[in-house]
2 protein chains.
Amino acid sequence: MAELSVLPVKIGILGCAEIARKLSRAIHLVPEDVSISAIGSRSASKATQFAAANGFPASAKVYGSYDAVLDDPDVDAIYMPLPTSLHLKWAVLAAQKQKHLLVEKPVALHVTELDAILEACEDNGVQYMDGTMLQHHPRSAKMREFLDDKEQFGELRSIISCFTFAASPDYLANNIRTKPDLDGLGALGDIGWHCIRSILWAADFELPKFAVALPGPVLNKAGVIISCGASLHWEDGKTATLHCSFLENLTMDVTLVGTKGTLHMHDFNIPFEESRAMFSTGTNLGFNDLSTGWSLKPSEDAVAADLPQECLMLKEFSRLVANIKSKGAKPEKKWATYSRKTQLTMDAIKESVYNGFQKVDIVG
Amino acid sequence: MAELSVLPVKIGILGCAEIARKLSRAIHLVPEDVSISAIGSRSASKATQFAAANGFPASAKVYGSYDAVLDDPDVDAIYMPLPTSLHLKWAVLAAQKQKHLLVEKPVALHVTELDAILEACEDNGVQYMDGTMLQHHPRSAKMREFLDDKEQFGELRSIISCFTFAASPDYLANNIRTKPDLDGLGALGDIGWHCIRSILWAADFELPKFAVALPGPVLNKAGVIISCGASLHWEDGKTATLHCSFLENLTMDVTLVGTKGTLHMHDFNIPFEESRAMFSTGTNLGFNDLSTGWSLKPSEDAVAADLPQECLMLKEFSRLVANIKSKGAKPEKKWATYSRKTQLTMDAIKESVYNGFQKVDIVG
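Since we're looking at a predicted model, the values are computed, not measured.

Draft legend 1. Representation of the relation of the copies chain A and chain B in the model. When chain A is fitted to chain B, the best match, at an RMSD of 0.0 Å, comes from turning it 180 degrees and sliding it 0.0 Å along the axis. Such values leave the two copies arranged in the relation of a two-fold axis. The overlap is high: 98% of the interface residues of chain A also sit at the interface in chain B, so the same surface is used on both sides.

Following this line, the structure appears as structure tokens:
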């Protein structure tokens, strides 16, 4: 197979973010698909330390700059877990240097930035994907079967998504996600992003018509969102609510209610366990004769995952890159579309948070 | 014991509503506490049929009017499952005739009506309780222990409550809950009431400062709410969202998120099974080192119920009535307070639904 010659896709990592540890492990788990060929940090010693601590192969190059990674001909693709405020510059530059792009979320501070990144990818024929893992887990495909089944689920009417965690005082004081100049989208960009993505996924990526932030967001002294909620509204009357917060115990729920069925997840973004993930479903639920109990109860499904979801993401990314490199295939655009719709929805919620909870139209 | 002489409390039922079947069974299950001594319907034959179909004792009187039940000296207390629009007239009259009152929800079309009912109860020294069962289930006491534990749950921050069911076309066309002149509060009064009650219960009945309805409510042609959502906001920054709908598969969720703990229920108002009820909790949840899974998972608790929750409600009601009758005790006011706060919150949401989703203050 022609593909074999271009696999594994050689990945260069920009920065030594915490999440790059998780991705480094994942890369090691699928050596036939991807390999780490370089890492760059503004601090060469930090990069050296990171490479050693995360089992990088001896062949992986360690650079004291991001530029050096982009200039390395031995790098096919960039994994970019940099603070969001740096994405525009470095993602555009990477694309211009013909590097395929796997960008951590939130991908941009505003859709105008994302559009510049996507345009650079398009102009240079490189694959774009964001680092959201949800859709790569086999659970998602299994749930999709249920949601698409008109007899089992009917029409989607309501989506409720909640992702919170209790950040430490140190995190709240120092993490980049609390800093306007780094990840200025705060909790909305970090965990709200996942809520939005889960909602859009459930809605088959039909864009809501408008968003309304709920009263009572919590902003830190620098004005960054630490906690907020919003509702989303579609043309057909579907609605979604989401809540994201750095101030509450780890909770990670998605509830989907259709005319005939209901689906629950309590670990939608990171499953409780790596090897399998659960969801519960119920169809045509009702009460018994005297309404003293339910005639049917929801049932649980378990979906085995042979590989962690981040490995599956890497496999899909490398497959697309390999197709481009070996077969002259065009980049797969759907991942850019998913990213852009997530960003548009996030931008609208953010605007509503800051404009006094006014309705903000979402225009694709 | 003095109480024994006044027990069982003799109950007269007004009307032959569907839910009265459930309550009739419950009365039969706790014969030492309550007994059915009369039923009245505008149609004597309907009442006769109902009494026969629901195993009423031969001693139970069957009347062709509500008045006759209220005038029966052999009736201590009225169970009132009438359409809400009739509550004001009949509940006030019952109280004036010294009958204790167990009133189905929604208890009134507006708090001004409820206040008239509560005033009549107060003036006549009779016990008032509404028919909401949630708080009578032993699960609630067990969950309360968790919520009150500052180490396990911390401070309550977010409440999400969702109660929907897929009403049949016949229900949507003909049920009293779709008729402005009968149960004009529609889905908000029927199942939204339970969402609100669950939320207030979770918040220890601290009244929210204000309510905001979410865009996108569904009204029927007569203007009755068939589906709606809202958010509630407290002085301390706590928020709640609720969603109620007659147009979606049966779903009955409460999620409570505190600074340290999370609690989930999926059958909060009517447990899946009569004999036990589940809830899940998690404290200080977090991810493992690489965030590839959770270091701790939520755990499930099962609470056995020796009696159905409606029996426990009847036992509590009869205990209070017996205390009044035998010991000259004063009526227990907390049940009126719970009812009134539920009503105030519901009224505010309704106002917001109809005023274009403006913020509506809730003033106790």
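Draft legend 2. Fine view of the state of the cysteines. Across all of its chains, the model carries zero disulfides over all chains by this definition. B:C244 takes part in no disulfide bond, and the closest cysteine sulfur, belonging to B:C228, lies 3.8 Å away.

Draft legend 3. Spotlight on the environment of B:I196. All names here are of chain B. Relative to the helices and strands, I196 is located in helix α9 (residues 186-202). The class of I196 is buried, set by a relative accessible area of 0%. A C-alpha to C-alpha distance of 23 Å links I196 and E119, two positions 77 residues apart in sequence. With residues up to four places along the chain from it excluded, the contact list for I196 reads L188, L242, T342, T345, M346 and I349.

Draft legend 4. Molecular detail of the packing of helix α2 (residues 18-29) of chain B against helix α10 (residues 309-327) of chain B. Residue and element names in this part refer to chain B. At a closest axis distance of 9 Å, the pairing of α2 and α10 adopts a crossing angle of 65 degrees. The pairing of α2 with α10 is recorded here as roughly perpendicular in orientation. For the element pair α2 and α10, the recorded crossing hand is right-handed. Here K22, L23, R25, A26, I27 and L29 of α2 lie close against α10, whose contacting residues are E310, C311, M313 and L314. Taken together, the residues that form the contact of α2 with α10 break down as seven nonpolar, no polar and three charged.

Draft legend 5. Focus on the environment of B:V75. Position of B:V75 among the secondary structure elements: in the loop between α4 (66-71) and β4 (77-80). Linking B:V75 and B:D253, residues 178 residues apart in sequence, is a C-alpha distance of 38 Å.

Draft legend 6. A look at the sheet that holds strand β1 (residues 9-14) of chain B. All names here are of chain B. Spatially, six strands are ordered β3-β2-β1-β4-β5-β6 in an open sheet, and the strand pairing comes out parallel. With partners counted over all chains shown, the strands left at the sheet margins are β3 (61-63) and β6 (128-130), one partner each. Pairwise comparison of adjacent strand axes, ignoring direction, gives a mean angle of 25 degrees for this sheet. With three bridges joining them, β1 and β4 adopt parallel strand pairing. Looking at β4, one finds that G12 is bridged to I78.

Draft legend 7. Seen up close, the UniProt feature "domain: Gfo/Idh/MocA-like oxidoreductase N-terminal" (unreviewed entry) in chain A. Sites flagged by UniProt as "domain: Gfo/Idh/MocA-like oxidoreductase N-terminal" (unreviewed entry) map to residues 9-129 of chain A. Across residues 9-129 of chain A, helical content stands at 43% and strand content at 21%; the span's end C-alpha atoms are separated by 14 Å.

Draft legend 8. Representation of the packing of aromatic side chains in the model. Throughout the structure, instances matching the rule amount to 22 aromatic pairs over all chains. Both rings, one in A:F287 and one in A:W294, keep their centres 6.0 Å apart while their planes meet at 90 degrees; by these two values the pair is edge-to-face. A:F287 gets classed as partly exposed once you look at its relative accessible area, which sits at 26%. The class of A:W294 is buried, set by a relative accessible area of 8%. Here the aromatic rings of B:W335 and B:Y338 are separated by 5.3 Å at their centres, their planes lie at 90 degrees, and the arrangement is edge-to-face.

Draft legend 9. Structural view of the pairing of strand β14 (residues 276-283) of chain A. All names here are of chain A. When you tally the buried positions in β14, you get six out of eight residues, the bulk of the element. Pairing analysis gives four bridges linking strand β13 (residues 261-265) to β14, with the strands arranged antiparallel. Note on β14: the bridge partner recorded for T262 is G282. Across six bridges, β14 lies against strand β15 (residues 299-304) in antiparallel orientation. Bridge pairing in β15 links T281 to S299.

Draft legend 10. A look at helix α11 (residues 334-354) of chain A. Between its terminal C-alpha atoms α11(A) stretches 30 Å, which fits the 30 Å expected from 21 residues at 1.5 Å a residue. Just downstream of α11(A), A:G356 is the residue with a positive phi angle, here 80 degrees.

Draft legend 11. The arrangement of the pairing of strand β8 (residues 210-213) of chain A in detail. Residue and element names in this part refer to chain A. Burial along β8 is two-sided: the residues F210 and V212 and A211 and A213 are all buried. Relative to strand β16 (residues 360-361), β8 runs antiparallel, the two being bridged by two bridges. In the strand pairing of β16, A211 is matched with V360. Where β8 and strand β10 (residues 225-233) come together, four bridges link them in antiparallel fashion. Bridging across to β10, F210 finds its partner in H233.

Draft legend 12. The arrangement of the interface of chain A and chain B in detail. Counting residues at the interface gives 57 residues for chain A and 56 residues for chain B. Taking both partners together, chain A and chain B bury about 4500 Å²; carbon and sulfur atoms supply 63% of that area. In terms of surface lost to chain B, no three residues of chain A exceed A:N249, A:F272 and A:W294, which account for 16% of the buried area on that side. At the boundary of chain A and chain B, one finds four salt bridges. Notably, a salt bridge pairs B:K297 with A:E273, separated by 3.2 Å at the nearest N-O pair.

Draft legend 13. Up close: the side chain of B:T84. Here B:T84 lies in the loop between β4 and α5 (87-96). When neighbours within four sequence positions are excluded, B:T84 is seen to be in contact with B:P106, B:V107, B:A108, B:L109, B:L182 and B:D183.

Draft legend 14. How the structure looks around the UniProt feature "domain: GFO/IDH/MocA-like oxidoreductase" (unreviewed entry) in chain A. On the UniProt side, "domain: GFO/IDH/MocA-like oxidoreductase" (unreviewed entry) is annotated at positions that read residues 142-263 of chain A here. Segment residues 142-263 of chain A splits into 25% helix and 39% strand. End C-alpha atoms: 12 Å apart.

Draft legend 15. Summary view of the pattern of salt bridges. Going through the model one piece at a time under the given rule, you end up with 53 salt bridges over all chains. Close ionic contact of A:D72 with A:K61 constitutes a salt bridge, the shortest N to O distance being 2.9 Å. One end of the pair, A:D72, is in the loop between α4 (66-71) and β4 (77-80); the other, A:K61, is in strand β3 (residues 61-63), and 11 residues separate them in sequence. In this structure A:D72 comes out as buried when scored by relative accessible area, which is 3%. B:K325 serves as the salt-bridge partner of B:D76, at 2.6 Å between the closest nitrogen and oxygen.

Draft legend 16. Examining the sheet that holds β4(A) more closely. Residue and element names in this part refer to chain A. The six strands lie next to each other as β3-β2-β1-β4-β5-β6, forming an open sheet whose pairing is parallel. Each end of this open sheet is capped by a strand with a single partner; those strands are β3 and β6 (128-130). Strand-to-strand, the axes of this sheet are offset by a mean angle of 25 degrees, without reference to chain direction.

Draft legend 17. Fine view of unusual backbone geometry. The linkage connecting A:L7 with the following residue, A:P8, adopts the cis geometry, with an omega of -5 degrees. On the secondary structure map, A:P8 appears in the loop between α1 (2-6) and β1 (9-14). Looking along the chain, the bond that leaves A:K105 and enters A:P106 is cis, with omega of -10 degrees. Among the structural elements, A:P106 can be located in the loop between β5 (100-103) and α6 (111-124). You will see that B:Q98, though not glycine, has its phi angle at about 65 degrees, which is positive. Within the element layout of this structure, B:Q98 appears in the loop between α5 and β5 (100-103). Among the residues examined, B:Q98 registers a relative accessible area of 46% and is labelled partly exposed. A positive phi angle, near 55 degrees, is found at B:S291, a position not held by glycine. With respect to the helices and strands, B:S291 occurs in the loop between β14 (276-283) and β15 (299-304).

Conventions and cut-offs
- Throughout this document, residue positions are counted from 1 along each chain, in the order its sequence is written.
- Key to labels: chains lettered from A, ligands numbered from 1, both in the order written.
- The predicted origin of the model limits local features to residues at a pLDDT of at least 70 and limits the giving and counting of side-chain atom pairs to 80 or more, whereas totals for whole chains, interfaces and linings rest on all residues.
- Side-chain calculation: all heavy atoms of the structure are included, whereas hydrogens and water are not.
- Least squares is the method for superposing the copies, and the C-alpha atoms it fits come from residues with pLDDT of at least 70 in both.
- We call two residues contacting when some pair of their heavy atoms lies within 4.5 Å.
- Two cysteine sulfurs form a disulfide in these notes if their separation is within 2.5 Å.
- Under the scheme used here, helices are H or I runs from DSSP no shorter than 4 residues and strands are E runs no shorter than 2 residues, and both carry numbers assigned from the N terminus.
- In this scheme, a residue with accessible area under 20% of its type's maximum is buried, one over 50% is exposed, and one in between is partly exposed, where area comes from a 1.4 Å probe on protein chains only.
- Every angle, taken between N-to-C directions, lies between 0 and 180 degrees, and every axis is a line fitted to C-alpha atoms, over only the stretch in contact when it is a helix.
- For classification purposes, an angle smaller than 35 degrees is called roughly parallel, one larger than 145 roughly antiparallel, one from 65 to 115 roughly perpendicular, and anything else oblique.
- In a left-handed crossing the near helix is turned counterclockwise from the far helix by less than a right angle, and in a right-handed crossing that turn is clockwise.
- Amino acids are sorted into nonpolar (Ala, Val, Leu, Ile, Met, Phe, Trp, Tyr, Cys and Pro), charged (Asp, Glu, Lys and Arg) and polar (every other residue, Gly among them).
- When DSSP finds two or more bridges between two strands, those strands count as paired.
- UniProt positions are given in the numbering used here, feature names are shortened, and annotations may be inferred rather than shown by experiment.
- Think of it this way: a Phe, Tyr or Trp ring, Trp meaning its six-membered ring, pairs with another when their centres are within 6.5 Å, and the plane angle makes it stacked under 30 degrees, edge-to-face over 60, tilted otherwise.
- Multiplying one less than the number of residues by 1.5 Å gives the expected span of a helix.
- Buried area is understood as the total, over both parts, of accessible area removed when two parts are fitted together, assessed with a 1.4 Å probe.
- For this analysis, a salt bridge means a side-chain nitrogen from Lys or Arg found within 4 Å of a carboxyl oxygen belonging to Asp or Glu.

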